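Residues per chain are reported as follows:
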Amino acid sequence: MNRFENIERSGHSPRRAVVAVAWITILAVSLPEIILREMFHHVPSEELRVALPVGVSVAGLALTFFWTSVRRLRGFFALLLVLVASQWLVYTRITRLPLLQSWMDDTSFTARMIVDQSLRLTVTGIIIAALFILKKKASAFFLTPGDRAAPVIPVRLLGTKPTLRWNVFGRNLAIFISLGTLAFLLIAGRPSVDVLPRLVPLIPVIVLTAALNAFNEEVTFKSSILSVLVGPAGRTQSLLLVAAFFGFAHFYGMPYGVVGVLMAGVLGWLLGKSMLETGGLFWAWFIHFCQDILIFGFIAAGTVALGGS
């Protein structure tokens, strides 16, 4: 049993205020853009996209200095502020550099992926630096492979047995989730066999992009948030919060829409569960990597695009 499981089983009940404030925060930073675009057909400005989560993060951080019950969420609000600030810095300032502008104007799949993943990796690097300040060591925010054969805590809904271990469960999840993603992509993209020959030269780029994207998203949207929430909110609620955060972030991603949110949310919960139970990132990264190979393969083929367009 690792120390993250001990938090849940120690008998400590997270304060209702902590859980309520954490949920309000996740919803406040995730839903406004979706509501504005889907209900009012208004695309918010870049300034509003930044101002709202920054305001929520700053207000939450200030609240922890005045409300004792939510003081343990200070790390969560600090990390959220770093995440928003780093994304603003990278995507509104660094992207304006002339060299990057010339790469971004290149419409080839390889150029677009190199730029996109470089920017994402920069954000991830800032998040990792912040986590080292908050958590002191890599294992405290799951930046280790972990015990790949750790026991799986049974979940009745999944039908998992007490004897099941992650070296089997993780492999099976990678297969089934990838097959589900493939089915969604085939329905959404309806690719032609004619695109296969032009995909072959892009395989190294697809694999590298999938590996980097899986790492970036697992650290930025899951292991980081999970590590600062599991203590104050407990295992069950922290997993649900991470699932919601990751799910809503995919409304305009791939898969997209409500289906994308549900798929990404369930995936976020399962991969967060793997982190808590193995104490590391390996299975979360590997399962995500397998799924991303398919997604980026279809994007390279030009049959699907982010947001379903």
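Details of the structure are given in the entry above.
Report on the accompanying structure. (Residues numbered from 1 in each chain as written. Predicted model: local features only at pLDDT ≥ 70, side-chain atom pairs only at ≥ 80, totals over all residues. Heavy atoms only, no water.)

## Looking at unusual backbone geometry
Stage number 1. The phi torsion at His41 lies on the positive side, around 55°, for a residue other than glycine.
Stage number 2. Among the secondary structure elements, His41 is positioned in the loop between helix H2 (16-39) and helix H3 (46-63).
Stage number 3. On the basis of relative accessibility, which here comes to 69%, the residue His41 falls in the exposed class.
Stage number 4. Although it is not a glycine, Lys136 adopts a positive phi angle of roughly 75°.
Stage number 5. Examined against the element boundaries, Lys136 turns out to sit in the loop between helix H6 (109-135) and helix H7 (166-189).
Stage number 6. Classification of Lys136 as exposed rests on a relative accessible area of 64%. (Helix = DSSP H or I, 4+ residues; strand = E, 2+ residues; numbered from the N terminus. Buried < 20%, exposed > 50% of the residue type's maximum accessible area, 1.4 Å probe, protein only.)

## Observations regarding the packing of H6 against helix H12 (residues 282-301)
Stage number 1. Put simply, H6 and H12 touch, their axes get as near as 10 Å, and they point 135° apart. Relative to H12, the element H6 is oriented oblique. Considering the relative orientation of H6 and H12, their crossing is right-handed. Judged by residue contacts, Phe109, Met113 and Gln117 of H6 engage Phe296, Ile299 and Ala300 from H12.
Stage number 2. Counted by class, the contact of H6 with H12 contains five nonpolar, one polar and no charged residues. (Axes fitted to C-alpha atoms, helices over the stretch in contact; angles between N-to-C directions. Parallel < 35°, antiparallel > 145°, perpendicular 65-115°, else oblique. Left-handed = near helix turned anticlockwise from the far one by under 90°. Contact = heavy atoms within 4.5 Å. Nonpolar A, V, L, I, M, F, W, Y, C, P; charged D, E, K, R; others polar.)

## A closer look at the packing of H6 against helix H9 (residues 203-233)
For any two helices packed against each other, one specifies the inter-axial angle together with the distance between the axes.
Stage number 1. Put simply, H6 and H9 touch, their axes get as near as 9 Å, and they point 25° apart. In terms of their interaxial angle, H6 and H9 are classed as roughly parallel. Between H6 and H9 the crossing geometry is left-handed.
Stage number 2. Class assignment for the residues of the contact of H6 with H9 results in 13 nonpolar, nine polar and three charged.

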